Amino acid sequence: MDTPLIVLEKLTKVYSTGAEDVYALRGISLQIRANEFVAIMGPSGSGKSTLLHILGCLDSPTSGRYLFRGRDVSQLNDDELARIRNREIGFVFQAFNLLPRATALKNVELPLIYAGVPAEERRQRARAALEAVGLGDRLSHRPNELSGGQRQRVAIARALVIRPSLILADEPTGNLDTASGQEIMRLFSELWSQGNTIVLVTHEEYIARYAQRIIRLRDGRVESDTPNPEPLSVLVTAEDSHDIAGNS
Amino acid sequence: MTLPEIREAVSVALEAIRLNFFRSLLTTIGIAIGTLFVCLMAWLLYGLDTSLNRTIASLGSDMLYADKWDWTGRTRWTEVRSRKDITYWQARAVIEGLRTAEFAVPLVWARGARISAGPITTTDAVVTGTLSLYGKTPSGTTAAGRFFSLAEDRSATPVAVLGYKVAQQLFPKQNPLGKLLHIAGIPFTVIGVVEQQGTIFSSFEDEQIFIPLPMFVRLFGLTKRSFVIAVKAGSEERLELVRHELRGVMRRVRGLAPEAPDDFSINEAQAFREQIAGLRQAVWGTGISMSMLSFVVGIIGIVNIMFVSVAERTYEIGLRKAVGARRRSIALQFLIESALLCLVGASAALAIGNAIALLVRAAIPGTGEFLTPYIPPHHMGIALVVASTAGIIAGWAPAMRAARLHPIVALRHE
Ligand SMILES: Nc1ncnc2c1ncn2[C@@H]1O[C@H](COP(=O)(O)OP(=O)(O)OP(=O)(O)O)[C@@H](O)[C@H]1O
Ligand SMILES: [Mg+2]
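What counts as what
- By convention here, each chain's residues receive numbers from 1 onward along its written sequence.
- Numbering of ligands from 1 and lettering of chains from A proceed in the order in which they are written.
- Per-residue local features are limited, in this predicted model, to residues with pLDDT of at least 70; the limit for side-chain atom pairs, both in listing and counting, is 80 or more; totals at the level of whole chains, interfaces and linings are taken over all residues.
- Hydrogens and water molecules were not included; the side-chain quantities draw on all heavy atoms of the structure.
- Numbering of helices and strands runs from the N terminus; a helix is a DSSP stretch of H or I covering at least four residues, while a strand is a stretch of E covering at least two.
- In this treatment the radius of gyration is a C-alpha quantity, and the globule benchmark scales as 2.2 Å times the residue count to the 0.38 power.
- By the convention used here, residues are in contact when the closest approach between their heavy atoms is within 4.5 Å.
- Two residue types count as positive, namely Lys and Arg, and two as negative, namely Asp and Glu; His and chain ends fall outside the count.
- For the purpose of locating charges, the reference atoms are NZ of Lys, CZ of Arg, CG of Asp and CD of Glu.
- Only protein chains enter the accessibility calculation, which uses a 1.4 Å probe; a residue whose area is less than 20% of its type maximum is buried, one above 50% is exposed, and one in between is partly exposed.
- Every accessible area reported is derived by Shrake-Rupley at a probe size of 1.4 Å, with residue values counting cover from the shown protein chains alone.
- Summed over both partners, the accessible area (1.4 Å probe) lost when two parts come together is defined as the buried area.
- One speaks of a salt bridge when a side-chain nitrogen belonging to Lys or Arg is within 4 Å of a carboxyl oxygen belonging to Asp or Glu.
- Two N or O atoms count as a polar contact when they lie within 3.5 Å, although within protein this holds only if one can serve as hydrogen donor and the other as acceptor, and sequence-adjacent residues are included solely when both atoms are side-chain atoms.
- Each residue gets one label: Ala, Val, Leu, Ile, Met, Phe, Trp, Tyr, Cys and Pro are nonpolar, Asp, Glu, Lys and Arg are charged, and the others, such as Gly, are polar.
- Strand pairing is assigned whenever DSSP detects at least two bridges linking the two strands.
- In this analysis, axes come from line fits to C-alpha atoms, helices being fitted only over the stretch in contact, and the angle between any two N-to-C directions falls in the range 0 to 180 degrees.
- Proximity criterion: a residue is near a molecule or strand once any of its heavy atoms comes within 4 Å of it.
- When two rings of Phe, Tyr or Trp (its six-membered ring) have centres within 6.5 Å they constitute a pair, described as stacked for plane angles under 30 degrees, edge-to-face for angles over 60, and tilted for the intermediate range.
- Throughout the structure description, domain borders are defined by an automatic or database domain assignment.

1. Topic: the overall build of chain A
Phase 1 of the analysis: Counting its regular elements, chain A contains 8 helices and 10 strands.
Phase 2 of the analysis: Taking 18 Å as the expected radius of gyration for a compact globule of 248 residues, we find that chain A reaches 18 Å, a close match to that expectation.
Phase 3 of the analysis: Considering only C-alpha atoms, chain A reaches an extent of 50 × 45 × 45 Å along its principal axes.
Phase 4 of the analysis: The long-range fraction of contacts in chain A, counting pairs at least 24 apart against all pairs at least 6 apart in sequence, stands at 70%.
Phase 5 of the analysis: Averaging the coordinates of the 29 positive side-chain charges in chain A and doing the same for the 31 negative ones gives two points 5 Å apart.

Rendered as structure tokens:
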């Protein structure tokens, strides 16, 4: 386990939208090891989402190298990237992104369908993942029958169900009230303590304090990359985290 | 592509159709009409062919008929009309001159004779004079009783063998065997009834009364009648050989100069095939062009609605791609949807087509003889394959657009 999980070398991303090019990333070099919990912060437009999409193989960089588990994935085609997303990376979006007409169970099964997992095993694994995020009693609920926090848990279960080597989350608490946000963060914290690698984008300092390391972006560049020696633990109580939220 | 992916594609496609059921039904009308045309065309042609094959079988596929008249209608009418009759003596000379044929037998017809049986009188039947050998051809095969014998032939016994329709007309609901019948005032005993032969192409066969040729001569005389020589080749492989000889013998007997064209025709049952080739082509042409038109219109409609479907579900496509759906999984989902759309239309068309088949048969008398009360099953199969192929063609461009969507771009869409 000596090779880092993620190695980025001079990664750039340029969006060409007709009139002018937008330089979203201007040369990012960094490494992330297995079982790290990283928070990415930075002002709006600094390139956080762009970076996370590339990390999640949802997009390709314009130049530079991206080694994922030692393999250069920066030049892979659509289907090869799809395979990595399907087998290795669990992605959680700000807007939950669930199929509106499908039950929680069906939503969590979705990646397994594309992995070719047979129905019976699919259901078992999806149920286990939903139980792991505390939704064992909501299997047949549809997204519109769930609260925002519960929806985000379904999305996290969907990320977990493939047993990913990397979990990515783009402002997973952005659409939630503080209490629900705290619950989600405790869940991430717990997943991290179980050995998962997590990279999470956030605007909020108190969210970032759950992470072990904080990377700040500005104008598509890494502004700072600092360890957080005392990440908030799973054991922090709800009142404590409210205080933290209130103080930040 | 794995089984779970394929099942997912099918269930997504089914759900998409179910959610927009009326829209789906409307867009599929073009395909339905196209399918209907194809099916009705196939049904008509199937009926024609069935009838044609029955005609050919009843005339005998190894039979040649040397006649003044051309059955195909290919020789000019004025030319045929100017041909001289084939006389009894010519017919005899030809029959005696043939070496390669299994046998040959003369035929001669008289129309308009007054025929009566008990209270029933008719002048519609055709009296046919021939020899006992004719009983060995397919058109002389009896369904009841027997054909007349060589002895009855020779001794000019007044016996008659009836065509199917004549038997029904003269002896309704009775067994005609052994009954008496008057032809031009002369009594005949009915000894046999020939199998039903008529089809839409010719009902003439069933309207004949066969009597021994000497009796015919006694009743109607020999002049002003053209004989036909029915020649049984023995097998279809021998047809060419026998035809060649028959032609030579005919020319010699008719005394034709080497450079003169034939003043007779050698007909065969296959001639009917040529006769309806035009009809077949007309049915085909109409059916194919109408259905092509409908299919084109139908496909355009489906392409359109599939693009709408892709646009409506862009977000869902983005989500599926984000969790690892490959291009082919997404493409398959939409191809199945458009193929299913077309299958729905085609199935409706098959139901309507079968209803039409039933109705036409019930409503138009005579059609029951050659049309089936259903669309031939293998044609229904073909129609379904064609319709789903049309669906796949129609769905192709939209499916490719869906498959190539960028997951992030698609997820932002809403
Ligand atoms: N698809 C796109 N086309 C053109 N420009 C884009 C596109 N996506 C992002 N950008 C531009 O790239 C830059 C970085 O965007 P990005 O979404 O990564 O920022 P962000 O840090 O996530 O911001 P926020 O905190 O508001 O989510 C921005 O200037 C943005 O306008
Ligand atoms: Mg963002």
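2. Remarks on the overall build of chain B
Phase 1 of the analysis: Across its full length, chain B carries 14 helices and 12 strands.
Phase 2 of the analysis: For 414 residues, the compact-globule formula gives about 22 Å, and the C-alpha radius of gyration of chain B, at 32 Å, lies well above that figure.
Phase 3 of the analysis: Each principal axis of the C-alpha atoms in chain B carries an extent, and together these give about 100 × 55 × 40 Å.
Phase 4 of the analysis: For chain B, the proportion of its 414 residues judged to be buried stands at 50%.
Phase 5 of the analysis: Taking the contacts inside chain B whose residues are at least 6 apart along the sequence as the reference set, 77% of them involve residues at least 24 apart.
Phase 6 of the analysis: Accessible surface, chain B as shown: approximately 19,300 Å² in total, 62% of it carbon and sulfur.

3. Regarding the interface of chain B and chain A
Phase 1 of the analysis: At the interface, 26 residues of chain B touch 23 residues of chain A.
Phase 2 of the analysis: Counting each side, the surface lost to burial between chain B and chain A is near 2,200 Å², with a carbon and sulfur contribution of 58%.
Phase 3 of the analysis: At the boundary of chain B and chain A, one finds 5 salt bridges.
Phase 4 of the analysis: Inspection of the region where chain B meets chain A yields 10 residue pairs in polar contact (both at pLDDT 80 or more).
Phase 5 of the analysis: Per element, the largest residue contribution to the side of chain B that touches chain A is 6 residues, and it comes from helix α11 (residues 314-322) of chain B.
Phase 6 of the analysis: Here the side of chain B that touches chain A is composed, by residue class, of 11 nonpolar, 5 polar and 10 charged.

4. Re the pairing of strand β10 (residues 221-227) of chain A
Phase 1 of the analysis: Relative to β10(A), strand β9 (residues 213-218) of chain A runs antiparallel, the two being bridged by 6 bridges. Bridge assignment links A:R218 to a residue of β10(A), and that residue is A:R221.

5. Quick look at the environment of B:T189
Residues and elements named next belong to chain B.
Phase 1 of the analysis: With respect to the helices and strands, the residue T189 is situated in strand β9 (residues 186-194).
Phase 2 of the analysis: Counting along the chain gives 28 residues from T189 to V161, while the straight-line C-alpha distance between them is 8.7 Å.
Phase 3 of the analysis: Contact partners of T189, with chain neighbours within four places excluded, come to P158, V159, A160, G178, K179 and L180.

6. Points about the sheet that holds strand β5 (residues 71-72) of chain A
Residues and elements named next belong to chain A.
Phase 1 of the analysis: The 4 strands lie next to each other as β2-β1-β4-β5, forming an open sheet whose pairing is antiparallel. Two strands close off the open sheet at either side, each with one partner strand: β2 (20-32) and β5.
Phase 2 of the analysis: As paired strands, strand β1 (residues 6-17) and strand β4 (residues 63-68) are joined by 5 bridges and run antiparallel to one another. Across the sheet, residue I6 finds its bridge partner in β4, namely F68.
Phase 3 of the analysis: Where helix α1 (residues 48-55) meets the sheet, it contacts β1, β2 and β4, and its direction lies at approximately 120° from that of β1.

7. A word on α11(B)
Residues and elements named next belong to chain B.
Phase 1 of the analysis: α11 sits mainly inside the fold: 9 of its 9 residues count as buried.
Phase 2 of the analysis: All of the buried residues in α11 are T314, Y315, E316, I317, G318, L319, R320, K321 and A322.
Phase 3 of the analysis: G324 occupies a position one or two residues after α11 and carries a positive phi of about 115°.

8. What about the site of ligand 1?
Phase 1 of the analysis: Taken together, 15 residues sit near ligand 1, with A:S44, A:G45, A:K48, A:S49 and A:T50 positioned nearest.
Phase 2 of the analysis: The local environment of ligand 1 is shared, drawing residues from chains A and B.
Phase 3 of the analysis: In the environment of ligand 1, an oxygen atom lies 2.7 Å from a nitrogen or oxygen atom belonging to the side chain of A:S49.
Phase 4 of the analysis: The side chain of A:T50 places a nitrogen or oxygen atom 2.5 Å from an oxygen atom of ligand 1.
Phase 5 of the analysis: Elements supplying a minimum of two residues to the shell around ligand 1: β1, β2 and α1 of chain A.
Phase 6 of the analysis: Per-element tally for the shell around ligand 1: the top contributor is α1(A), with 3 residues.
Phase 7 of the analysis: Here the residues of the shell around ligand 1 are counted per class, giving 4 nonpolar, 8 polar and 3 charged.

9. Things to note about the packing of aromatic side chains
Residue and element names in this part refer to chain B.
Phase 1 of the analysis: With the rule as written, the count across this model stands at 13 aromatic pairs over all chains.
Phase 2 of the analysis: With a centroid separation of 4.9 Å and an interplanar angle of 35°, the aromatic rings of Y65 and W71 are classed as tilted. Here Y65 and W71 have matching classes, each one buried.
Phase 3 of the analysis: Their ring planes at 55° and their centres at 5.6 Å tell us that Y88 and F227 sit as a pair that is tilted.

10. A closer look at the domain arrangement of chain B
Interface extent is often summarised as the accessible area lost during association of the parts.
Phase 1 of the analysis: Assigned domains within chain B: domain 1 (3-55 + 274-412) and domain 2 (62-268).
Phase 2 of the analysis: Computed from C-alpha atoms alone, the centre-to-centre distance between domain 1 of chain B and domain 2 of chain B is 52 Å.

11. A closer look at the side chain of A:R85
Phase 1 of the analysis: With respect to the helices and strands, the residue A:R85 is situated in helix α2 (residues 78-87).
Phase 2 of the analysis: Although A:R85 lies buried, it forms no salt bridge, and the closest oppositely charged side chain, A:D78, sits 4.8 Å away as judged by the N-O distance.
Phase 3 of the analysis: Of note is the side chain of A:R85, whose polar atom sits 2.7 Å from the backbone oxygen of A:C57.
Phase 4 of the analysis: Separated by 2.9 Å, the side chain of A:R85 and the backbone oxygen of B:K321 make a polar contact.

12. Quick look at the pairing of strand β7 (residues 159-162) of chain B
Residue and element names in this part refer to chain B.
Phase 1 of the analysis: Going residue by residue along β7, you find V159 and V161 tucked away on one face and A160 and L162 tucked away on the opposite face as well.
Phase 2 of the analysis: In this sheet, β9 lies alongside β7 in parallel orientation, the contact comprising 4 bridges. Residue pairing across strands places V159 opposite T189, the latter belonging to β9.
Phase 3 of the analysis: Examined bridge by bridge, β7 and strand β10 (residues 208-212) share 2 bridges and lie antiparallel to one another. Its bridge partner lying in β10, L162 is registered against I209.

13. Quick notes on the pattern of salt bridges
Two side chains of opposite charge can pair, provided their charged atoms sit close to one another.
Residues and elements named next belong to chain A.
Phase 1 of the analysis: Tallying each qualifying case throughout the model produces 33 salt bridges over all chains.
Phase 2 of the analysis: Between R213 and E36 there is a salt bridge whose closest N-O contact spans 3.0 Å. You can see R213 sitting in strand β9 and its partner E36 sitting in the loop between β2 and β3 (37-41), a full 177 residues away along the chain.
Phase 3 of the analysis: Taking relative accessible area as the criterion, R213 reaches 12% and is therefore assigned buried.

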